[in-house]
Amino acid sequence: MEKRTIAEPYKIKVVEPIKMTSRTQREAAIQAAGYNTFLLNSKDVYIDLLTDSGTSAMSDNQWAGMMLGDEAYAGSVNFYNLEEAVREVYGFKYVVPTHQGRGAENILSRIAIKPGDWVPGNMYFTTTRAHQELAGANFADVIIDEAHDSQADHPFKGNVDLAKFQALIDRVGADKIPYICVAVTVNLAGGQPVSMKNLQEVAELAHQHKIKVMFDATRCVENAYFIREREEGYQEKSIGAILKEMFSYGDGATMSGKKDCLVNIGGFLALNDEALYQKATQLVVLFEGMPSYGGLAGRDMEAMARGIYESVDFHYIQHRIGQVRYLGEKLANAGVPVVNPIGGHAVFLDARQFLPHIPQDQFPAQMLAAQLYIESGVRSMERGIISAGRDKNGNHYYPKLELVRLTIPRRVYTYAHMDVVAESVIDLFERRHSIKGLEMIYEPPVLRFFTARFKPLA
Ligand code: F0G
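Calculation criteria
Throughout this description, residue numbers start from 1 for each chain and increase along the sequence as written. At least 70 in pLDDT is required for a residue's local features to be given in this predicted model, at least 80 for side-chain atom pairs to be given and counted, and no such filter applies to totals for whole chains, interfaces and linings, which use all residues. Neither water nor hydrogens contribute to the side-chain values; these are computed over all heavy atoms in the structure. Three labels apply to residues, based on accessible area from a 1.4 Å probe with only protein chains included: buried if under 20% of the type maximum, exposed if over 50%, partly exposed otherwise in between. Put simply, DSSP H or I for four residues or longer makes a helix, DSSP E for two residues or longer makes a strand, and each gets a number counted from the N terminus. Working rule for contacts: check all heavy atoms of both residues, and any pair within 4.5 Å makes them a contact. Where each domain begins and ends follows an automated or database-derived domain assignment. Note on definitions: buried area is the accessible-area loss of two parts on being combined, 1.4 Å probe, summed for both. Here, nonpolar core means buried Ala, Val, Leu, Ile, Met, Phe, Trp, Tyr and Cys residues that are tied together by side-chain atoms lying within 4.5 Å of each other. Here a residue is considered near a molecule or strand provided that any single heavy atom belonging to it is located within 4 Å of it. What qualifies as a polar contact is a pair of N or O atoms within 3.5 Å, subject to a donor-acceptor requirement within protein and to the restriction that residues adjacent in sequence count only when both atoms come from side chains. We get accessible surface area from the Shrake-Rupley algorithm with a probe of 1.4 Å; when it comes to residues, only the shown protein chains can shield them. To obtain each axis, a line is fitted to C-alpha atoms, and for helices this fit is confined to the stretch in contact; angles are then taken between N-to-C directions over 0 to 180 degrees. The cut-offs work like this: below 35 degrees is roughly parallel, past 145 is roughly antiparallel, 65 to 115 is roughly perpendicular, and the gaps in between are oblique. Residues are grouped as follows: Ala, Val, Leu, Ile, Met, Phe, Trp, Tyr, Cys and Pro are nonpolar; Asp, Glu, Lys and Arg are charged; every other residue, Gly included, is polar. By definition, any crossing whose near helix is turned counterclockwise from its far helix by less than a right angle is left-handed, and any crossing with a clockwise turn is right-handed. Strand pairing requires that DSSP identify at least two bridges connecting the strands.

Q: Before we move on, can you summarise helix α8 (residues 220-230) with the specific residues and values?
A: With eight of 11 residues buried, α8 is to be regarded as a mostly interior element. Of the surrounding elements, those touching the buried residues of α8 are α3 (77-90), α7 (196-208), α9 (239-248), β7 (252-256), α11 (298-311) and α12 (314-333).

Next comes the structure, spelled out in structure tokens:
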């Protein structure tokens, strides 16, 4: 049984046709988009691997739930269903729904951070760090060194380096650290997981200093799967049990439901502390909506509640991780430089190695993503110097990782799509020497990767 192909654990009830385009059409489209794949029209995209965020296919059960939306302004039955799902599956006491993950990040940052504080994290995520900084905090990266090396092989490359965390406490003082943000898995490191042992140790150190542990739970189910696969003692445990244990080490979580809750929109802030929850309910009415809907329709909350239960099904997550790995291994076997090990939600191309002749300030990952689109209509995303942005003095952050992310939506594409993506990347790899860099011709002040525009260097 083990040796057989792990096929899709679902069958297809509704199909969405996709448009085929010619190279000439794609060249015109990427030029019009300023060589930024975020600015392409999705109708011009063949296989859309821009993100796994909000791009999941919902199940028939979730769609059925959508019809049971209770669109009351307050006290919607779907809110209570969501609250129950979060309590039952994640184990947190209080739930504040938000329109998506960054809505929860906004609220958490405002209720927990004072200007001049420090927030350590296992690498940064764009919106998470932006909200922390907006609230006046300094971000400190406390992930293990291996995470910054695309080739370092480590089963839990998302782990927090306890010595770095301790050094920050010694340097700035625990009273300046309201919480540590622990992402499970770590998106920008390549979808890399954190081990249960590390979570336990982080919580011990944090709580000893009265520092809270706040999860970025966005891809927590994927993290739980890796623990089951790789960490001693978890092979016989259910995904649900592993997830519950993971969160037992935390004080709360921000969640982008658009990933592991299998919905197209939605998120929440989960907390155990009642006083902090009270503060969150005061702010949510300003930024999102009543604490019992927080920027979501009743039907959205119902879909998310049902998605939470579906996401911990072993066969679902086994196929999910297996499909991503299938693509990654196909590329690696052809000699294409990818981040190792293959992570949970995406395969990351190492643009530094793919295009070693393009210096980082000529945006090799940005150009690689643009070229892949021209090659085949596959849309990917830059996760390198453009995503990293600028520091307070206006200089580019120069991240070690200069990556292109091929992000796999949940339950949307088949293995044949993965084959096409692999073939396209391999063809591009063969003509990599002819690819040149880019010049940035428009740069917005925050989260520039979304809307920046470029032109090719002569
Ligand atoms: N945290 C992580 C780790 C994320 O990957 C994201 C979103 C967020 C928080 C914010 O959640 O989008 O619901 O507001 N990541 C998407 C991506 C956008 O493509 O990686 P959101």
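Q: Run through the domain arrangement of the chain, naming residues and quoting values.
A: The assigned domain composition of the chain is domain 1 (23-52 + 314-456) and domain 2 (60-311). Computed from C-alpha coordinates alone, the two centres of domain 1 and domain 2 are separated by 26 Å. Taken together, the contact pairs 34 residues of domain 1 with 41 residues of domain 2. Surface buried jointly by domain 1 and domain 2 totals about 2,900 Å² across both partners, of which 53% is contributed by carbon and sulfur atoms.

Q: Please provide a residue-by-residue account of the nonpolar core, values included.
A: Of all hydrophobic cores here, the largest spans 65 residues; its most connected members are Tyr90, Cys220, Leu243, Met246, Phe268 and Ile308. Mapping this core onto the domain boundaries places at least three of its residues in each of domain 1 (23-52 + 314-456) and domain 2 (60-311). Beyond its immediate stretch of four places on either side in the chain, Cys220 contacts Tyr90, Val184, Leu243, Met246, Phe247, Met255 and Asp260. Within the second largest apolar cluster, 52 residues are counted, among which are Leu49, Val336, Ile385 and Leu428.

Q: Outline the site of the ligand, supporting the account with residue identities and numerical values.
A: Near the ligand there are 18 residues, and of these Thr51, Arg102, Asp216, Ser256 and Lys259 occur at the shortest range. Gly101 has a polar backbone atom sitting 2.8 Å from an oxygen atom of the ligand. At 2.6 Å from an oxygen atom of the ligand is found a side-chain nitrogen or oxygen belonging to Ser256. If the ligand stood free it would expose 470 Å²; the protein chains cover 95% of that surface.

Q: Lay out the packing of α8 against α9 in plain terms, naming residues and giving numbers.
A: At a minimum axis distance of 9 Å, the contact between α8 and α9 shows a crossing angle of 110°. Looking at the two axes, α8 sits roughly perpendicular to α9. Of α9, the residues touching α8 (which contributes Cys220, Val221, Asn223, Ala224, Tyr225, Ile227 and Arg228) are Ile239, Ile242, Leu243, Met246 and Phe247. Its residues assigned to classes, the contact of α8 with α9 comprises 10 nonpolar, one polar and one charged.

Q: Describe in detail the packing of helix α4 (residues 101-112) against helix α5 (residues 126-134), supporting the description with residues and values.
A: At their nearest, the axes of α4 and α5 sit 9 Å apart, and the two run at 25° to each other. It follows from the interaxial angle that α4 and α5 lie roughly parallel. Considering only the axes of α4 and α5, their crossing is right-handed. Counting all contacts with α4, which are made through Arg102, Glu105, Asn106 and Ser109, the residues of α5 involved are Thr127, Thr128, His131 and Gln132. Of the residues contributing to the contact of α4 with α5, the split by class is no nonpolar, six polar and two charged.

Q: Please set out unusual backbone geometry residue by residue, giving values where relevant.
A: Following Val184, the chain continues to Thr185 via a peptide bond in cis, the omega torsion being -10°. If you trace the backbone, Thr185 turns up in the loop between β5 (179-183) and α7. Residues Asn340 and Pro341 are joined by a peptide bond in cis, for which omega reads -15°. When you line up the elements, Pro341 lands in the loop between α12 and β9 (346-350). Look at Leu447: it is not a glycine, yet its phi comes out positive at around 40°.

Q: Describe the sheet that holds strand β11 (residues 381-383), listing the residues and the values that go with them.
A: Within a sheet, each strand pairs with its neighbour through backbone hydrogen bonds, oriented either parallel or antiparallel. Read across the open sheet, the three strands follow the order β9-β12-β11; overall the sheet is antiparallel. On the outer flanks of this sheet lie β9 and β11, each paired with one strand and no other. The sheet shows a mean angle of 35° between the axes of neighbouring strands, taken without regard to direction. Here β9 pairs with strand β12 (residues 403-407) via five bridges, running antiparallel. Looking across to β12, one finds that Phe348 is bridged to Arg405. Set on the sheet, helix α14 (residues 364-376) makes contact with β9, β11 and β12; between it and β12 the angle comes to about 40°.

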